[in-house]
Amino acid sequence: MRDERGNVHIGAIYGLATLFVALAVGVALFGSRVDAATATEPTHAAHGATSTADHAHELTVNMPTTRKAFLDDPEDLVAVAELPLIKGVLGYAPNVAPPVDRDYRAHVEIELEVTEEVMRLADGVEYRFWTFGGSVPGPMIRVRQGDFVTFTLQNHPSSLMPHNIDLHAVTGQGGGAEATLISPGQQATFSFTALQAGVYIYHCATAPVGMHIANGMYGLIVVEPKEGYAPVDKEFYVVQGDFYTKGNFGERGLQDFDMQRAIDEDAAYVVFNGSVGSLVGENAIFAETGDTVRIFFGNGGPNLTSSFHVIGEIFDNVYVEAGGLVNHDVQTTLVPAGGATVVEFKTDVPGTYNLVDHAIFRAFNKGAVGQLVVTGDHDHVVFTERTDIRPYVPADGQ
Ligand SMILES: [Cu+2]
């Protein structure tokens, strides 16, 4: 349409104008009733009108089969006053809170105490953590979709700071943050209905929010779908977090928080369950071959997205972002700061399986390693140990 001087040929302009007029007339005459079958060339409309059976590759979507909205069931209409009162049982990592195991709604009471205490961050390294329940992560809370939860947060009198809690499972102002903001030596209570199933981070949301999270104030609340999760042999609770100390990784002594480093997202430590080695050696988690394993995995952040991977395993199921969409056959799953996932797999071969953030310098240089030790019978079809080793001499003898 353009010659070597860059001029557009008049014929091309005429052709385009004719086409435009023809299209305009077509639209005026037929409007939306233009039948795809009358088109002389395939169009998007015609494509969309063909049967899906004509497609070589059909898109398959894993529709959530278990998802139910609150108020879908008659039981959701039962008044709170009629619900049985249950004391919530907490689970301290790597142990989970016990499965809900009930097919009715309840009024669940949860108490969680905030403390500030010096604990081990790595060998020879201590840190003044701010905690829910005296641990990092804070304990797992586990309820059933539709439960009415009365939540009491207590700030220990020995604390120096005010604290609160924002539970991502809560629908309402600040996730409970305003309702629970308390000074040392106070406690506050609020209630919420767990409207939606999923696995949710909770965290402190007191200013400076980043600092409270960076000091270890996060954990998971599991809202089981009404029919519960499928039974498995082993469940574990792991939460990743990044830490910002004045000293670099491994520098000994009591380390102070470094605000500038946190702003720069220059983590000195990236760890599972609050310290280097929390899931390694004698602290490892265990399973036997043939076990089905479920890991509730959260990421407290405050900054870094996790590329969660178990070396030598493939996740059979990943509850994408811990929601109702289940993916299969996944190697590494992204878990955002302030997010979670649920991964499930079956152990086939004995060995030591490293849990890592596959942003791999974090694993080998900043602490993000855990170990799942699998014992039991060896399936030599699934995997052989090394069967041969010998000197290698290239054919050309070099
Ligand atoms: Cu706090």
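Chains are numbered independently. Their residues run from 1 in the order of the written sequence. With pLDDT at 70 or above as the cut-off, local features in this predicted model cover only qualifying residues; side-chain atom pairs require 80 or more to be listed or tallied, and sums for whole chains, interfaces and linings still use all residues. The basis for the side-chain values is all heavy atoms of the structure; hydrogens and waters are excluded.

(A) Representation of the overall build of the chain within the structure. Strands here mean DSSP runs of E at least two residues long; helices mean DSSP runs of H or I at least four residues long; both are numbered from the N terminus. Counting its regular elements, the chain contains six helices and 21 strands. A burial count over the chain gives 44% of its 398 residues as buried. Two residues qualify as a contact provided that any one of their heavy atoms is within 4.5 Å of a heavy atom in the partner residue. Counting contacts in the chain only where the partners sit at least 6 residues apart, residues at least 24 apart contribute 69% of the total. Carbon together with sulfur atoms contributes 56% to the accessible area of the chain, which is approximately 20,900 Å² in total. Classification of residues uses two cut-offs on accessible area relative to the type maximum, computed with a 1.4 Å probe and protein chains only: under 20% is buried, over 50% is exposed, and between them is partly exposed. Working definition of accessibility: Shrake-Rupley area with a 1.4 Å probe, residue cover restricted to the visible protein chains.

(B) Inspection of the packing of aromatic side chains at higher detail. To pair, rings of Phe, Tyr and Trp, with the six-membered ring standing in for Trp, must have centres within 6.5 Å; the planes then decide the type, stacked if under 30 degrees apart, edge-to-face if over 60, and tilted in the middle. A complete count under the given rule lists 14 aromatic pairs for this structure. An angle of 85° between the planes, with centres 5.3 Å apart, marks the rings of Phe-132 and Tyr-202 as edge-to-face. Residue Phe-132 is found in strand S3 (residues 125–132), and its partner Tyr-202 is found in strand S8 (residues 198–203); the two are separated by 70 residues along the sequence. Pair check on accessibility: Phe-132 and Tyr-202 agree, each one buried. With centroids separated by 5.8 Å and ring planes inclined at 75°, the aromatic side chains of Tyr-229 and Tyr-319 adopt a geometry described as edge-to-face. Separated by 90 residues along the polypeptide, Tyr-229 in the loop between strand S9 (218–224) and strand S10 (234–243) and Tyr-319 in strand S16 (residues 315–319) bring together distant segments of the chain. You'll find Tyr-229 and Tyr-319 in the same group, each marked buried. Here the aromatic cluster, defined as three or more aromatic residues joined through ring pairs, consists of Phe-272, Phe-297, Phe-308, Phe-315 and Phe-345. Criterion for a charge above a ring: Arg CZ or Lys NZ at most 6 Å from the ring centre, at most 35 degrees from the ring normal. Sitting over the face of the ring of Tyr-104, Arg-102 holds its NZ or CZ atom 5.8 Å from the ring centroid.

(C) Seen up close, the coordination of the copper ion. Coordination here is defined by N, O and S atoms within 2.8 Å of the metal (3.2 Å for Na, K and Ca), and since water is not considered, a site can look incomplete. The protein atoms that coordinate the copper ion are His-163 (ND1), Cys-204 (SG), His-212 (ND1) and Met-217 (SD), at distances spanning 2.0 to 2.5 Å. Taken together, the four donor atoms coordinating the copper ion and their angles of 88 to 136° define a geometry best described as irregular. Mapped onto the polypeptide sequence, the residues donating to the copper ion form the spacing pattern H-x40-C-x7-H-x4-M. In these descriptions, tetrahedral denotes four donors with every angle between 85 and 135 degrees, square planar four donors and octahedral six donors with opposite donors over 155 degrees apart and the rest between 65 and 115, and irregular any other case.

(D) How the structure looks around the pattern of salt bridges. Salt bridge, as used here: a side-chain nitrogen of Lys or Arg that lies within 4 Å of a carboxyl oxygen of Asp or Glu. Counting across every chain of the model gives 16 salt bridges. Taking the shortest distance from any N to any O, the salt bridge between Glu-111 and Lys-87 comes out at 3.8 Å. Highlighted residues: Glu-111 in strand S2 (residues 107–122) and Lys-87 in strand S1 (residues 85–87), separated in sequence by 24 residues. Lys-87 sits in the exposed class, given a relative accessible area of 53%.

(E) Here's a closer look at the environment of Val-343. Of note, Val-343 is situated in strand S19 (residues 339–346). In contact with Val-343, not counting residues within four places along its chain, are Val-293, Arg-294, Ile-295, Phe-308, Phe-315, Asn-317, Val-318 and Thr-333.

(F) A look at the sheet that holds strand S12 (residues 269–272). Any two strands between which DSSP finds at least two bridges are classified as paired. Spatial ordering of the open sheet is given by S12-S10-S14-S19-S16-S17, a layout of six strands whose pairing is mixed. Two strands bound the open sheet, and with one partner strand each, they are S12 and strand S17 (326–330). For this sheet, the mean angle separating the axes of adjacent strands, direction not counted, is 20°. One ladder, built from three bridges, connects S16 with S19; its direction is antiparallel. Note on method: axes are straight lines fitted to C-alpha atoms, helices fitted across the in-contact stretch only, with angles between N-to-C directions ranging 0 to 180 degrees.

(G) Region of interest: the pairing of S9. In terms of residue burial, S9 counts as a mostly covered element, since seven of its seven residues are buried. Burial along S9 is two-sided: the residues Tyr-218, Leu-220, Val-222 and Glu-224 and Gly-219, Ile-221 and Val-223 are all buried. Sheet analysis places S8 next to S9, joined by six bridges and oriented antiparallel. Each bridged residue has a counterpart across the sheet, and for Tyr-202 the counterpart in S9 is Gly-219.

(H) Expanded view of the confidence of the model for the chain. The predictor's confidence in any single residue is recorded as pLDDT, a number from 0 to 100. Scored by pLDDT, the chain comes out at a mean of 87, with 82% of its residues at no less than 70. A low-confidence stretch, residues 1–65 stays under pLDDT 50, and its non-local contacts, those more than four residues away or across chains, total 23 contacts.

(I) View of the environment of Leu-304. Mapped onto the elements of the fold, Leu-304 is located in the loop between strand S14 (292–301) and strand S15 (306–310). The spatial distance from the C-alpha of Leu-304 to the C-alpha of Gln-240 is 9.3 Å, given a sequence separation of 64 residues. Not counting chain neighbours up to four residues away, the residues in contact with Leu-304 comprise Asp-242, Tyr-244, Glu-265, Ala-267, Val-270, Asn-299, Ala-337 and Arg-362.

(J) Broad picture of the side chain of Asn-273. By the secondary structure assignment, Asn-273 is in the loop between S12 and strand S13 (285–288). The buried category is assigned to Asn-273, whose relative accessible area is 9%.

(K) Fine view of the sheet that holds strand S20 (residues 351–357). Strand order in the open sheet made by the five strands is S13-S21-S20-S15-S18, with mixed pairing throughout. Edge positions in the sheet fall to S13 and strand S18 (332–335), since each of these pairs with one other strand and no more. Going from strand to strand, the sheet's axes swing by 25° on average, the running direction of each strand aside. In this structure, S20 lies alongside strand S21 (residues 369–375), joined through six bridges in antiparallel fashion. Note that in S21 the partner of Tyr-353 across the bridge is Leu-372.

(L) Fine view of unusual backbone geometry. A cis geometry characterises the amide bond from Ala-93 onward to Pro-94, with omega recorded as 5°. Among the secondary structure elements, Pro-94 is positioned in the loop between S1 and S2. Here Gly-301 and Pro-302 are connected by a cis peptide whose omega angle stands at 20°. Here Pro-302 lies in the loop between S14 and S15.

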